[in-house]
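Chain and residue survey
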Amino acid sequence: MGVALVPALLLALIAAPVSRAPAATVSRWQARRLAWIEGVPPSAQPSGGRLVGLLAIEALLGLLAACVLALVVAGVVVAVETVLGAATGRAVTIFGADPGAVTWATVARYALPGALLVFLAASGLVGIARLDRSAWATLARPGVGELTQEVSRLHTTLDDVIAAVDAERRRIERDIHDGVQQRVVALSIILARVERTGDPAVRADLQRRARAEAQQILDELRGVAWRTYPAMLVRDGLAAALEVLRDRTPVPASLRVSVPGRTNHAAEAAAYFVASEAVTNAIKHADASQVHIDVARLGADLVVTVRDDGKGGADPGGLGLSGIASRVAARGGRLSIDSPRGGPTTIKAVIPCE
């Protein structure tokens, strides 16, 4: 195990004792080898100063494995020479020693010790393999400092998510108060006039207006529900939901989706709301006249890119963009915003799918 890496490991230790580049190379080799042996790639990899520790351990284990394999090869050579000597009756010379006659009695006398040595060699190689795997698991495990940073990041993300949920709740309340509630009041007034009027023509006109108002209420309720969570996203997937978003956008919008099949539901939801909120910001605050939405699957990530030709100068700390950042961070993703004064603005979110 690892014996083929010995020359490279020794060269790395001698030529670059303080450089992490050789250690990173060995880490990649080790990750590929573990993925080949176990069938799945390792979930974590060593980082920072632990890479140098991995390099030293791999060098030591590689040398140890090479020594064991060398002894095994020497034992095989001795066994073959001994058996051939016993079979042919000729004198045997092993590793420069004086030749001597070998019989089957000699073979029988050394068979049990030889089998024991083979067992010990095999056990040693298995032990080295287990040490190799244990060293990787130990060094890949996050340290106290890394765990502290991760806990701090999760606390910050949780606070951001709570703030985003509160902002979303206030938006829904505002939509209902400013839209649906006002139309319900207007409908109640129309129905009250229908009850008071005795003119059939006026009654018919008021009833027509009441039906139209009720339809408007239903449309606005559907709009609020769609902005809260589109049912199509669950039923038909991300591409279909984004197509409806494009069609509902009041400015010209282009859409390209390169996502084969369905992916993680939570990742799809995050990608949709990133696109939706980015488009809303572009229309409301950037005075954009055109929007481009691009969604692609790159490896284990879902990448959402929204570009607009607006005036730029987007504030990452603003309510809309901070909400997008919180949604992406909650999934362990990354968000980048490029918005120079005068535009254009590009918002790119990388969302893990696993």
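Remember, predicted model here, so these are calculated numbers, not experimental data. (Residues numbered from 1 in each chain as written. Predicted model: local features only at pLDDT ≥ 70, side-chain atom pairs only at ≥ 80, totals over all residues. Heavy atoms only, no water.)

Section: the pairing of strand β5 (residues 301-308)
Along β5, 6 of the 8 residues are buried, which leaves the element largely enclosed by surrounding structure. Pairing analysis gives 8 bridges linking strand β4 (residues 291-298) to β5, with the strands arranged antiparallel. The residue bridging H292 from the neighbouring strand is R307, located in β5. The hairpin turn running from β4 into β5, its antiparallel successor, is 2 residues long, and G299 in that turn takes a positive phi close to 65 degrees. Across 8 bridges, the pairing between β5 and strand β7 (residues 345-352) is antiparallel. (Buried < 20%, exposed > 50% of the residue type's maximum accessible area, 1.4 Å probe, protein only. Helix = DSSP H or I, 4+ residues; strand = E, 2+ residues; numbered from the N terminus. Pairing = 2+ DSSP bridges.)

Let's talk about the sheet that holds strand β6 (residues 334-338)
Strand order in the open sheet formed by 5 strands is β3-β4-β5-β7-β6, with mixed pairing between adjacent strands. Edge positions in the sheet fall to β3 (253-258) and β6, since each of these pairs with one other strand and no more. The average undirected angle you get between the axes of adjacent strands in this sheet is 10 degrees. In this fold helix α8 (residues 238-248) packs onto β3, β4 and β5, with an angle of close to 175 degrees to the strand it touches most, β3. (Axes fitted to C-alpha atoms, helices over the stretch in contact; angles between N-to-C directions. Contact = heavy atoms within 4.5 Å.)

Looking at the side chain of T249
Take T249: it is sitting in the loop between α8 and β3. Discounting residues that sit within four places of it in the chain, T249 has contacts with V279 and I283.

What to know about the environment of T280
Position of T280 among the secondary structure elements: in helix α9 (residues 265-284). We classify T280 as partly exposed; its relative accessible area is 32%. Sequence separation between T280 and T249 is 31 residues; the distance between their C-alpha atoms is 8.4 Å. Side-chain polar atoms of T280 contact the backbone oxygen of S276, separated by 2.9 Å. (Polar contact = N/O pair within 3.5 Å; in protein donor to acceptor, adjacent residues only side chain to side chain.)

Things to note about the packing of α8 against α9
Viewed as axis vectors pointing N to C, α8 and α9 meet at an angle of 15 degrees, and their least axial separation amounts to 10 Å. Regarding the angle of α8 to α9, the classification is roughly parallel. The way α8 lies across α9 gives a crossing that is right-handed. Contact residues: α8 offers L238, A241, L242 and L245, while α9 offers E268, A271, Y272, A275 and S276. Here the contact of α8 with α9 is built from residues that sort into 7 nonpolar, 1 polar and 1 charged. (Parallel < 35°, antiparallel > 145°, perpendicular 65-115°, else oblique. Left-handed = near helix turned anticlockwise from the far one by under 90°. Nonpolar A, V, L, I, M, F, W, Y, C, P; charged D, E, K, R; others polar.)

A few points about helix α3 (residues 50-88)
In this model, α3 (39 residues) spans 56 Å end to end at C-alpha, consistent with the 57 Å of a helix rising 1.5 Å per residue. Turning to α3, its buried residues number three or more, namely L51, L54, L55, E58, A59, L61, G62, A65, V68, T82, G85 and A86. (Expected span 1.5 Å × (residues − 1).)

Thoughts on the pattern of salt bridges
Applying the stated criterion across every chain, the model contains 5 salt bridges. R256 is paired through a salt bridge with D294; the nearest N and O atoms lie 2.4 Å apart. Residue R256 is found in strand β3, and its partner D294 is found in strand β4; the two are separated by 38 residues along the sequence. Given a relative accessible area of 54%, R256 falls into the exposed group. (Salt bridge = Lys/Arg side-chain N within 4 Å of Asp/Glu carboxyl O.)

Notes on α9
Here α9 is 20 residues long and its end C-alpha atoms lie 28 Å apart, about the 28 Å a rise of 1.5 Å per residue gives. Here α9 lies mainly inside the structure; 15 of its 20 residues are buried.

What to know about unusual backbone geometry
Although it is not a glycine, D287 sits at a positive phi angle of roughly 55 degrees. Along the chain, D287 turns up in the loop between α9 and β4.

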